[in-house]
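# Breakdown of the fold
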Amino acid sequence: MCINVIHTSVTISVRIPKELKEEIKKYGINISHVVRKALEEELRKKKIEEAKEAAKRLGEFFSKIPEEDIVKCIKISRKSY
């Protein structure tokens, strides 16, 4: 069985000072690799931030439910197994 996976990509452009570009070239820095990794890391941070905010909202939601109602729901769900 052979599965072909097609990876699509896009090109982005960034303006940087000429001196920075010269230093990057001098040190042989792979711009694509550095930018890709930086963007992946920034995206990871944003997703974590989003998840934390969702967890906070859920916590606020559940804090409004009386504890005895939660216990009752748990007992009912355990009996159904």
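These lines cover the structure that appears in this document, whether it is placed above or below.

Rules of the game
Counting restarts for each chain, with residues numbered from 1 along the sequence as it is written. Residue-level local features of this predicted model are given only where pLDDT is at least 70; pairs of side-chain atoms are given and counted only at 80 or more, and the full residue set underlies all totals for whole chains, interfaces and linings. Only hydrogens and water are set aside; all other atoms, that is, all heavy atoms of the structure, feed into the side-chain values. Only DSSP runs of H or I with at least four residues qualify as helices, and only runs of E with at least two residues qualify as strands; both kinds are numbered from the N terminus onward. Note that the radius of gyration is over C-alpha atoms, with the globule rule given as 2.2 Å times the number of residues to the power 0.38. The classification of residues rests on relative accessible area computed with a 1.4 Å probe and restricted to protein chains. Under 20% of the type maximum is buried, over 50% is exposed, and intermediate values are partly exposed. Using a 1.4 Å probe, accessible areas were evaluated by the Shrake-Rupley method; residue-level cover was limited to the displayed protein chains. Note that His is not counted, nor are the chain ends; the positive residues are Lys and Arg, and the negative ones are Asp and Glu. The atoms used to mark charge sites are NZ of Lys, CZ of Arg, CG of Asp and CD of Glu. Helix span, expected: 1.5 Å multiplied by one less than the number of residues in the helix. Distance and chemistry together define a polar contact, namely a pair of N or O atoms within 3.5 Å, with one atom able to donate a hydrogen and the other to accept it when in protein, and with adjacent residues in sequence counting only for side-chain atoms on both sides. Here, a salt bridge means any side-chain nitrogen of Lys or Arg that lies within 4 Å of a carboxyl oxygen of Asp or Glu.

Looking now at the overall build of the protein chain. What the protein chain contains, in helices and strands, is 3 helices and 0 strands. Counting from the amino terminus, helix and strand elements in the protein chain follow one another as α-α-α. The C-alpha atoms of the protein chain give 25 Å as radius of gyration, which overshoots the globular expectation for 81 residues (12 Å, by more than 25%). With the C-alpha coordinates of the protein chain rotated into their principal frame, the extents come out at 70 × 45 × 20 Å. Here the protein chain holds 81 residues, and 1% of them are scored as buried. Here the protein chain has roughly 8500 Å² of accessible surface; of this, 59% comes from carbon and sulfur atoms. With 19 positive and 13 negative side-chain charges, the protein chain shows a separation of 4 Å between the mean positions of the two kinds.

An ideal rise of 1.5 Å per residue puts 48 Å on 33 residues; helix 2 (residues 31-63) measures up with 48 Å between its terminal C-alpha atoms. With a side-chain oxygen positioned 3.2 Å from the backbone nitrogen of Ser 32, the residue opening helix 2 is Asn 30.

Right, let's get into the pattern of salt bridges. The tally for this structure, following the rule as stated, stands at 3 salt bridges. The salt bridge involving Arg 44 is made with Glu 41; its shortest N-O contact spans 2.7 Å. Residue Arg 44 and its partner Glu 41 are both found in helix 2; the two are separated by 3 residues, about one turn of the helix. Residue Arg 57 is joined to Glu 53 by a salt bridge in which the shortest nitrogen-to-oxygen separation is 3.9 Å. Here the residue Arg 57 and the residue Glu 53 both occupy positions in helix 2, the gap between them amounting to 4 residues, near one helical turn. You can call Arg 57 partly exposed: its relative accessible area is 48%.

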